[in-house]
Amino acid sequence: EMCGRDWSSDVCSSDLLSIIDTQLRELRGSKDTIEREHNLKVMNLKRHNEIIKELDEKRTEYQDIDNILFAVSNKSGIPLVYIQMYLDDTVEIANELLDIVYHGSLYLKSFEIGEDSFEMPYVKNGKTIPDVLSASQGEQSFFNMAISSALRCQSLTNYNIALFDEVDSMFDDKNRQGFIPVLEKQLELNNVEQAFLITHNQMFHKYPVDIINLDNPEDSTVDVKLG
């Protein structure tokens, strides 16, 4: 009413603009407050996720430590699931070695581990056999060698020098010939740079290796002084 009676239209418009400007400043202030609150919540959410991740890592670390304590306790032992996981890798590596000789016709299956039993089934010519105890002597020799090498490969990743003491003594002439490429694969898997092998296997004379023949030093391929 004052605007209509006592003020000019310019003054009335000025008042309206002032009111609108005040309202705009209030809205901008509210907007800034909301943005600050939003940014703070985003930061808190990010920190929350980081804490959850750290918590999960600590839980995993704690679980690993708890499993180790459980495994070394004189009242318990390593949980079978961890043994099974480790030996599954062992089987995979061992089969890689066996394939060199048997070309897929003879290979190990996953070990069957129970509270009171431990069996190592294998496949021969497509037929599953319950345990390696049923294998022939030659097959058992290769099984023993392949599994031993696989276990060594898993525990010694930086093994640069190796010593083999008559590891092929259980093989006949045919299997000794097959053993040589398996030995080469073992050295590769274990990152061996130099190997010393004590053997009676005469077939090594056909390979480019240094030989010290203790029975006949003149037959050696390297100079050696005995005595």
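Bear in mind that the values here come from a model prediction, so they are computed numbers and not experimental data. (Residues numbered from 1 in each chain as written. Predicted model: local features only at pLDDT ≥ 70, side-chain atom pairs only at ≥ 80, totals over all residues. Heavy atoms only, no water.)

**A short note on the overall build of the protein**
Going by this rule: What counts as a helix is a DSSP run of H or I of at least four residues, what counts as a strand is a run of E of at least two, and both are numbered from the N terminus. Using a 1.4 Å probe on the protein chains alone, a residue whose accessible area is under 20% of its type maximum counts as buried, one over 50% counts as exposed, and one in between counts as partly exposed. Should any heavy atoms of two residues lie within 4.5 Å, those residues are counted as being in contact. Surface accessibility in these figures is a Shrake-Rupley result with a 1.4 Å probe; residues are shielded only by whichever protein chains are displayed.
The helix and strand inventory of the protein stands at five helices and seven strands. The secondary structure elements of the protein, listed N-terminal to C-terminal, are α-α-α-β-β-β-β-β-α-β-α-β. Expressed as a percentage of the 227 residues in the protein, the buried residues total 24%. Long-range contacts, defined as pairs at least 24 residues apart, comprise 53% of the intrachain contacts of the protein with a sequence gap of at least 6. Counting only carbon and sulfur atoms, one obtains 54% of the accessible surface of the protein, whose full area is about 16600 Å².

**Focus on the nonpolar core**
Rules: Here, nonpolar core refers to any group of buried Ala, Val, Leu, Ile, Met, Phe, Trp, Tyr and Cys residues whose side-chain atoms link them within 4.5 Å.
Counting residues in hydrophobic clusters, the biggest one holds 30 residues, and the most contacted among them are Leu98, Leu108, Phe111, Tyr122, Phe142 and Phe143. Mapped by element, the contributors of at least two residues to this core are α3 (80-102), β1 (106-108), α4 (137-155), β6 (161-165) and α5 (173-189). Non-local contacts of Phe142, meaning those with residues more than four positions away in its chain, are made with Leu98, Val101, Tyr102, Phe171, Asn175, Gly178, Phe179 and Val182.

**Describing unusual backbone geometry**
Glycine aside, residues mostly have negative phi angles, and peptide bonds mostly take the trans form. A positive phi angle, near 50 degrees, is found at His103, a position not held by glycine. Along the chain, the position of His103 falls in the loop between α3 and β1. Of note, the phi angle at Asn125 is positive, near 55 degrees, even though the residue is not glycine. You can see Asn125 is positioned in the loop between β4 (122-124) and β5 (127-129).

**Side note on the packing of α3 against α5**
Our working definition: Each axis is a line fitted through C-alpha atoms, taken for helices only over the stretch in contact, and angles between the N-to-C directions span 0 to 180 degrees. Handedness of a helix crossing follows the sense of rotation of the near helix relative to the far helix, less than a right angle counterclockwise being left-handed and clockwise being right-handed. Under the scheme applied, nonpolar residues are Ala, Val, Leu, Ile, Met, Phe, Trp, Tyr, Cys and Pro; charged residues are Asp, Glu, Lys and Arg; polar residues are all the others, including Gly.
As a packed pair, α3 and α5 sit with axes 8 Å apart at the nearest point and diverge in direction by 150 degrees. By crossing handedness, the relation of α3 to α5 is classed as right-handed. Judged by residue contacts, Ile93, Glu96, Leu97, Ile100 and Val101 of α3 engage Gly178, Pro181, Val182, Lys185, Gln186 and Leu189 from α5. Considered class by class, the residues forming the contact of α3 with α5 number seven nonpolar, two polar and two charged.

**Observations concerning a nonpolar patch on the surface**
This is how it is decided: Exposure above 30% relative accessible area and no salt bridge define the residues that can form patches, which grow by joining like charges within 9 Å and nonpolar side chains of Val, Leu, Ile, Met, Phe, Trp and Tyr within 5 Å. We define a salt bridge as a side-chain nitrogen of Lys or Arg found within 4 Å of a carboxyl oxygen belonging to Asp or Glu.
A cluster of nonpolar side chains, Leu16, Leu17, Ile19, Ile20, Leu24 and Leu27, forms an exposed patch at the surface whose accessible area comes to about 570 Å². Counting through the fold element by element, Ile20 comes out in helix α2 (residues 9-72).

**A closer look at the side chain of Ser141**
By the secondary structure assignment, Ser141 is in helix α4. Given the relative accessible area of 6%, Ser141 is considered buried. The contact partners of Ser141, leaving out residues within four places of it in the chain, are Met170 and Phe171.

**Things to note about the sheet that holds β4**
Within a beta sheet, neighbouring strands are joined by backbone hydrogen bonds and run either parallel or antiparallel to one another. The test is simple: We treat two strands as partners when DSSP finds at least two bridges between them.
Spatially, β1-β4-β5 is the arrangement adopted by the three strands of the open sheet, whose pairing is antiparallel. Both edges of this open sheet fall to β1 and β5, since each of them pairs with a single strand only. Direction aside, the axes of adjacent strands within the sheet are offset by 25 degrees on average. Sheet topology places β1 next to β4; three bridges connect them, and they run antiparallel. Pairing of Leu108 across the sheet is with Tyr122, part of β4.

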